[in-house]
Amino acid sequence: MSLINIQNLHKNFGDLEVLRDINLDVETGEVISLVGPSGSGKSTLLRCINLLEIPTSGHIYYRDEEITHPKYKEEDLNLYRQKIGMVFQQFNLFPHLSVTENITLSPMLTLGLSKEEATERAHSLLDRVGLSDKKDSYPAKLSGGQSQRVAIARALAMQPEVMLFDEPTSALDPEMVKEVLEVIRELAESGMTCLIVTHELAFAKEISSRILFLDGGDILADQPPQDFFTHPASPRAKEFLSLVF
Amino acid sequence: MVYILSHILNKSTFLVPAAIKVDFSRVLPWWKVFLEGTGNTLLLSLCTVIFGLLLALLLVLMRRSKLKVISFISKAYVLVVRGTPILVQLVIWMYGLPLIGIRFPDIPALGSVFGSREFITALVALSLNSAAYVAELLRGGLDAVSTGQSEAARSLGLSQRQTMRHIIIPQAIPIILPGLGNEFIQMIKETSIVSTVGIFDLMYSQNIVQASTYSIFEPLIVISLIYLFLTSVLTHFMKKLERKFHVVNKYTELA
Ligand SMILES: Nc1ncnc2c1ncn2[C@@H]1O[C@H](COP(=O)(O)OP(=O)(O)OP(=O)(O)O)[C@@H](O)[C@H]1O
Ligand SMILES: [Mg+2]
């Protein structure tokens, strides 16, 4: 049984076919990087996995339960999303809440943690991402790198089984990229199942168990990094690598 | 050109009675009438904004409905109400609709002014008008909170309702509040049209005093000053409130 199983996934925006017949298995503990040119459908695939985008057709199973089934209810979906953490390019911290409140909000509302429990969890996560001193700050006072680390802590506070990262370092100044990648690396090494859309190919090469290369809505290559970077399975991937690497 | 100008000037001075005397001593004893008119104006404006806000919330919910018909009704309503003069709407409610049997009763329990058919009808007409404007205000405020915010909330497992309540609405309120204050200030002035259908508001108090004292100019000055005072004081308070709620201030200064 795969953790996530995707079958014949299609996604259209109007006439634009963004994903065409995606088939993918993700096992527990895998670290998968999604790479490919802009507009190839990487974000859309990631967003389909936690149903921020509703697939046009196809099936997604999580632990053998079909989350795309028409009978899958809104409440089930909310429970499912609790298990799938997501980190966005633009951080999307809640500006009206302090750093600690950003992290405690969902555990208190959806997991039923008390304020004390949630705060304790938040503070230990902030410690883990190296931001203990920012616990009472508001997001507007944080740098990009700090914001993204808070966003990661916020997702982790739900104790998810999978983490999705959509270009987590693309909006950051170069000097802040490293601090965020370090946090992700640590997470990946701890055994967390991760799907990461990234343009940081060196980083992807280091931490991934698999690299997926998307182009035009298709997965053209699905290889371990050592193979992908030496003999990519598709000429398009080879071209892509020669351009950016 | 100079000739024409001086001609007009001559003519207009000719039209003004030579010995116009501004004399407030005759109208000031009527201060209770002005005061009552002021109270009625404030109450009518406040009720209008409150009922308007409630109706606006309904309109926004309808606008967001998945049922196309419901969403269309809300859209059409806003279009029609904002696209026609408020005086026309008032006259339709007051004199037009009763002809086809739609009329509000007197409610004596609310007193002779507020319980009158005219006052109730005006309140309905004004509230329905205000609702359309406030609905657009609310919609703008909610839309101003980026989709990234609700996506982040949903990705954490929050329900649609929790997302609205804890993420969207708290961020929309500081955006909406100044507009709501302006709507109230606007209404204080706009409600003056109800005097045309005989409702005793601030504007109408001027009619009463004028008829009793034969002073035309002075009562108009008095009510203008009162309107100016009300709107200035409220504008001042709104500015203060706005500063307190302003997004940037709030989110940066507290850090
Ligand atoms: N909500 C939407 N409505 C319409 N078109 C969309 C929408 N979201 C994405 N698209 C289009 O779908 C295509 C794939 O988008 P997607 O964001 O998945 O690409 P991507 O691989 O993540 O690219 P990038 O590297 O630029 O982030 C693009 O052409 C994009 O313009
Ligand atoms: Mg993208």
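Residues numbered from 1 in each chain as written. Chains lettered and ligands numbered in written order. Predicted model: local features only at pLDDT ≥ 70, side-chain atom pairs only at ≥ 80, totals over all residues. Heavy atoms only, no water.

## Considering the interface of chain A and chain B
Interface extent is often summarised as the accessible area lost during association of the parts.
Thought 1: Counting residues at the interface gives 26 residues for chain A, matched by 21 residues for chain B.
Thought 2: Summing both sides of the interface, chain A and chain B together bury roughly 2,200 Å²; the carbon and sulfur share of this comes to 63%.
Thought 3: Where chain A packs against chain B, one counts two salt bridges.
Thought 4: A salt bridge links R47 of chain A to E151 of chain B, with the nearest nitrogen and oxygen atoms 2.7 Å apart.
Thought 5: Counting across the chain A and chain B interface gives eight residue pairs in polar contact (both at pLDDT 80 or more).
Thought 6: Listed by contribution, the elements that provide at least two residues to the side of chain A that touches chain B are α2 (74–83), β6 (84–87), α3 (99–110) and α5 (144–156) of chain A.
Thought 7: Split by residue class, the side of chain A that touches chain B holds 13 nonpolar, eight polar and five charged. (Contact = heavy atoms within 4.5 Å. Buried area = accessible area lost by both parts, 1.4 Å probe. Salt bridge = Lys/Arg side-chain N within 4 Å of Asp/Glu carboxyl O. Polar contact = N/O pair within 3.5 Å; in protein donor to acceptor, adjacent residues only side chain to side chain. Helix = DSSP H or I, 4+ residues; strand = E, 2+ residues; numbered from the N terminus. Nonpolar A, V, L, I, M, F, W, Y, C, P; charged D, E, K, R; others polar.)

## Considering helix α4 (residues 115–128) of chain A
Residues and elements named next belong to chain A.
Thought 1: Across its 14 residues, α4 extends 20 Å between first and last C-alpha, which sits within 8% of the 20 Å expected from 1.5 Å per residue.
Thought 2: Those residues of α4 that sit buried are A118, R121, A122, L125 and L126. Buried residues of α4, seen end-on, are gathered within an arc of 135° and therefore sit on one face of the element. Facing away from the buried side of α4, by more than 90 degrees, are the exposed residues E116, E120 and D127.
Thought 3: Contact partners of the buried residues in α4: α3 and α5. (Expected span 1.5 Å × (residues − 1). Buried < 20%, exposed > 50% of the residue type's maximum accessible area, 1.4 Å probe, protein only. Arc of directions from axis to C-beta.)

## Describing the nonpolar core
Thought 1: I4, I6 and L195 of chain A are the most contacted members of the largest nonpolar core, which has 56 residues in total.
Thought 2: Of all the elements, helix α5 (residues 117–144) of chain B adds the most residues to this core, at six residues.
Thought 3: Apart from residues no more than four positions distant in its own chain, L195 of chain A is found in contact with V26, I32, L34, L46, I49, V162, M163, L164 and F165 of chain A.
Thought 4: Counting 35 residues, the second-largest nonpolar core is a separate cluster that includes A157, M163, L181 and I196 of chain A. (Core = buried A, V, L, I, M, F, W, Y, C linked by side-chain atoms within 4.5 Å.)

## Observations regarding the site of ligand 1
Residues and elements named next belong to chain A.
Thought 1: Lining the immediate surroundings of ligand 1 are 13 residues, of which S38, G39, K42, S43 and T44 lie closest.
Thought 2: A distance of 2.8 Å is found between an oxygen atom of ligand 1 and a backbone nitrogen or oxygen belonging to G39.
Thought 3: Here ligand 1 has 630 Å² of accessible area as a free molecule, and 60% of this is covered by the chains.
Thought 4: Elements represented by at least two residues in the shell around ligand 1 include exactly β2 (16–26) and α1 (42–49).
Thought 5: Sorting elements by how many residues they give to the shell around ligand 1 places α1 first, with three residues. (Near = heavy atom within 4 Å. Areas by Shrake-Rupley, 256 points an atom, 1.4 Å probe, with all protein chains shown as cover.)

## Structural notes on the side chain of D201 of chain B
Residues and elements named next belong to chain B.
Thought 1: Among the secondary structure elements, D201 is positioned in the loop between α7 (160–190) and α8 (202–213).
Thought 2: One buried charged residue, D201, remains without a salt bridge, the closest side chain of opposite sign being K189 at 14 Å.
Thought 3: Non-local contacts of D201, meaning those with residues more than four positions away in its chain, are made with G37, N40, T41, T191, S192, V194, S195 and Y227. (Lys, Arg positive; Asp, Glu negative; His and termini not counted.)

From the geometry alone we can't say anything about function, so treat these as descriptive.
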